[in-house]
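Residues per chain are reported as follows:
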Amino acid sequence: MTGILIGMALMAAGAIWLRSRGADQRLASALDLLVVFALGLALVLGLEDSQWEDWQVVVLPFLPPLLAQHLRRLSGTSRWPRAELALTASGALCLPFLLLPSAARTSMMAGEMPEVAPILILISLAGIALYWLFLCLVTALAGLGILRELRRQKAALAQVLAQPSPRFDAVAALGLGVAALFGLQLLDLLTLGRVLVGPLADLFVLALVLSTAAHGLTLRLSLPDWATEVVAEAPSYARSGLDPEAMALLLTRIDAAMRRDGLWREPDLSLADLATAAHAKPFYVSQALNQGKGENFYDYVNRWRVAEAKELLQTTGGTVLSIAYATGFNAKSTFNAAFLKLVGMTPSAWRASGPKGSDED
């Protein structure tokens, strides 16, 4: 099974690399890192059940930071934290152990005293202990980096899109996969192979290889050029020239456009669409919503959607799902979450509390 997984990982790396050749610079750069991740995964698998098996510890510290950096490149951030980058070299701490004779390593892993100088044993054990400490640290840092970047991107996309974007869901899934893979590796190494996770580990790594390939081959950068200044971490609102009076007038035009055209019913509504209807620039519309109403574009549109859904739930007999679609939501889960956030109860509970309550879902 391991040989098949190695082949799949190599094929995934090749397919992602070919995919990146026709992409723009940012996406190609991010996919190149994913290629390295897939190659590293193949190398780790290839070292198992071979005379070089112990050397997989040199490769493992590279994988979590590579995935975190893939996400940073994808979102337009090229900075690689120095601490995270430095810790990827922690595999060198295992060199004193790896350079011992094979018989000595086997004896140490069996809990026996090898026939080598005691000082070499102490250095080897100290190196291994530090390695595991740094491996856990770099994995934690990379995981926190992934979570931080996902939150930042979620907040940024909420400024320009009226639906939650699945753009980074695959990254989160891959991150969980790498964490679980590391857990299996750690369990196997700490127990010296006594824990029988073979079939489970093979199936899990198979899913990880396939998800890596799927993520790379289906990825698209969806944000247009106009969104760049809107999703910036610190938009320069102070220099925009939109004074309070102009902002109030713009908010009136924004609300009028929403009401006149029923824009919230469009599932793929973007900030640019609203700006066009209000005859304003997307940046100014974003500033007016954030500073004038205290909410981002995503929450603003959802407020209109939920307002209509509240009325339809109590005055019609349509199902919750049909009402969700009719008011612009693209999934029942998204509808339920937005409704609960704005109303304080689920759509079904709201319907049941109304004059024409119905239990139909």
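Residues numbered from 1 in each chain as written. Predicted model: local features only at pLDDT ≥ 70, side-chain atom pairs only at ≥ 80, totals over all residues. Heavy atoms only, no water.

Q: Got a minute to help me understand the environment of D299 in this structure?
A: Following the sequence through the fold, D299 ends up in helix α14 (residues 297–315). In sequence terms D299 and R351 are 52 residues apart; their C-alpha atoms lie 22 Å from each other. (Helix = DSSP H or I, 4+ residues; strand = E, 2+ residues; numbered from the N terminus.)

Q: Please explain the pattern of salt bridges as it appears in this structure.
A: For side chains bearing opposite charge, pairing can occur when the charged atoms are close. Scanning the model with the defined rule gives 8 salt bridges in all. Residues R152 and E149 are paired through a salt bridge, measuring 2.7 Å at the closest nitrogen-oxygen approach. Of this pair, R152 and E149 both sit in helix α8 (residues 118–157), 3 residues apart, which is roughly one turn of that helix. A salt bridge links E295 to R303; its shortest N-O distance comes to 2.7 Å. (Salt bridge = Lys/Arg side-chain N within 4 Å of Asp/Glu carboxyl O.)

Q: I tried to follow the nonpolar core on my own but got confused; where do I start?
A: The tendency in soluble globular proteins is for nonpolar side chains to be buried as a group. Of all hydrophobic cores here, the largest spans 54 residues; its most connected members are L34, Y131, L135 and F168. When residues in this core are grouped by element, the largest group, 13 residues, is from helix α2 (residues 25–47). With residues near it in sequence (within four places) discarded, F168 still touches L71, L74, S75, L150, Q153 and L157. (Core = buried A, V, L, I, M, F, W, Y, C linked by side-chain atoms within 4.5 Å. Buried < 20%, exposed > 50% of the residue type's maximum accessible area, 1.4 Å probe, protein only. Contact = heavy atoms within 4.5 Å.)

Q: Teacher, can you tell me more about unusual backbone geometry here?
A: Backbone phi values are negative for most residues with the exception of glycine, while trans is the configuration of most peptide bonds. Its identity as a non-glycine residue notwithstanding, H279 has a phi of 55°, on the positive side. Of note, H279 is situated in the loop between α12 (271–278) and α13 (282–293). Relative accessible area serves as the criterion here: at 67%, H279 is assigned to the exposed category.

Q: Help me out: how do you make sense of a nonpolar patch on the surface in this one?
A: Taken together, the side chains of I119, L120, L122 and I123 present a nonpolar region at the surface, about 380 Å² in accessible area. Residue placement: L122 occurs in helix α8. (Patch = residues over 30% accessible without salt bridge, like charges linked within 9 Å, V, L, I, M, F, W, Y side chains within 5 Å. Areas by Shrake-Rupley, 256 points an atom, 1.4 Å probe, with all protein chains shown as cover.)

Q: I would appreciate a short explanation of the packing of aromatic side chains in the present structure.
A: We describe a pair of aromatic rings using the distance from one ring centre to the other and the angle between the two ring planes. Per the stated rule, a full pass over the model turns up 7 aromatic pairs. Judged by centre distance (5.2 Å) and plane angle (70°), the rings of Y131 and W132 are edge-to-face. Overall, Y131 belongs to the buried group, its relative accessible area being 0%. With a relative accessible area of 16%, W132 lands in the buried category. Residues W264 and W304 carry aromatic rings whose centres are separated by 5.3 Å and whose planes lie at 25° to one another, so their mutual orientation is stacked. Residue W264 is found in the loop between α11 (244–261) and α12, and its partner W304 is found in helix α14; the two are separated by 40 residues along the sequence. Relative accessible area serves as the criterion here: at 14%, W304 is assigned to the buried category. (Phe/Tyr/Trp six-rings, centres within 6.5 Å; stacked < 30°, edge-to-face > 60°.)

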